[in-house]
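Breakdown of the fold
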Amino acid sequence: MEKRYFAESELIINADGSVFHLHLKPNQLADKVILVGDPGRVGLVASHFNSIECEVQSREFHTITGSYSGKRITVTSTGIGCDNIDIVLNEMDALANIDFQTRTENDYFHRLEIVRIGTCGGLQPFTPEGTFICSVKSVGFDGLLNFYEGRNAVCDLQMERALLNHLGWTGNLCAPAPYVIDADEELVERIAKDDMVRGVTVACGGFFGPQGRRLRIPLADPHQNEKIESFEYKGLRITNFEMESSALAGLSRLLGHKATTCCMVIANRLTKKSDTGYKNHIDDLINLVLERI
């Protein structure tokens, strides 16, 4: 069978042989990957490495590859939002599974193991500030996965329908079309163990209105957060808001990679409390992920 060829307009490769946005070359990507939103957090993760192999900076995408306890690990910042996850996941998969010389797929599939470390807002009484949540399922309010073939085959369609009915979004053409996607089960078991809450995470397309925050613009549904907090499906409750987990889980599932998201709660939307000093504690979560990835 003839291999598929990826045209220059579809896979953009820089003159130095690196992929367009990340500016990484195939040999600079490790099998184990940690994603963070904040470019400044890349250095914090890498400060635990035993050695540094390479460091690359391009726009919001800051990457360091090195070793930790005998494991080769790449840490990359994505910036904020599922749109950036779309860039990072597709380019990392290209680095792992496409020959940049021939622009065709490699003969053998190369599976990546990806853990996102981030911050989030808690939505339940049992997720106060400082809680570590590992996303077992992610609910995408961003719509990203709806642009890809195979979306229905990898999503929990029954939970999607139950959530749409609960929110009152069925038939509302202005409402999002949420998707529900499972994280990799083995990776969740290994990363979460018995000291993280295993949660259902909603990834939103924005920080304010999409997460039920009102400043000067009124919300389309002032009761949206109350509905999300009260939703229950087969014993599962939605535990937290963030902005990237659904795209990470969804694209990884479609591409054949293993992924999950681990977040520290820095604000509880139910109790309306927040921890602005969270940066002093995120290092504890980083240490756990580095040990378990």
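Figured I'd write up the structure that's included with this text. (Residues numbered from 1 in each chain as written. Predicted model: local features only at pLDDT ≥ 70, side-chain atom pairs only at ≥ 80, totals over all residues. Heavy atoms only, no water.)

1. A few points about the pattern of salt bridges
Following the criterion strictly, the structure yields 16 salt bridges and no others. Close ionic contact of R116 with E242 constitutes a salt bridge, the shortest N to O distance being 2.9 Å. Of this pair, R116 sits in strand β7 (residues 113–122) while E242 sits in strand β12 (residues 236–242); the two residues are 126 residues apart in sequence, bridging distant segments of the chain. When sorted by exposure, R116 lands in the same class as E242, which is buried. A salt bridge links D195 to R292; the shortest N-O distance between them is 2.8 Å. Linking D195 in the loop between α5 (185–192) and β10 (197–203) with R292 in helix α8 (residues 282–292), this pair joins segments that are 97 residues apart in sequence. (Salt bridge = Lys/Arg side-chain N within 4 Å of Asp/Glu carboxyl O. Helix = DSSP H or I, 4+ residues; strand = E, 2+ residues; numbered from the N terminus. Buried < 20%, exposed > 50% of the residue type's maximum accessible area, 1.4 Å probe, protein only.)

2. A closer look at the packing of aromatic side chains
On inspection of all chains with the given rule, the structure shows 2 aromatic pairs. Measuring from ring centre to ring centre gives 5.0 Å for F207 and F208, while their planes differ by 80 degrees; the resulting arrangement is edge-to-face. In this structure, R213 is placed above the aromatic ring of F207, and the distance from its NZ or CZ to the ring centre is 3.8 Å. (Phe/Tyr/Trp six-rings, centres within 6.5 Å; stacked < 30°, edge-to-face > 60°. Lys NZ or Arg CZ within 6 Å of the ring centre and 35° of its normal.)

3. Brief notes about the packing of helix α1 (residues 39–46) against α8
Packing of α1 against α8 brings their axes to within 10 Å, and their N-to-C directions diverge by 60 degrees. Taken together, the axes of α1 and α8 are oblique relative to one another. For α1 against α8, the interelement crossing comes out right-handed. Residues R41, L44 and V45 of α1 form the contact with α8, whose own contacting residues are I282, D283, I286 and L290. (Axes fitted to C-alpha atoms, helices over the stretch in contact; angles between N-to-C directions. Parallel < 35°, antiparallel > 145°, perpendicular 65-115°, else oblique. Left-handed = near helix turned anticlockwise from the far one by under 90°. Contact = heavy atoms within 4.5 Å.)

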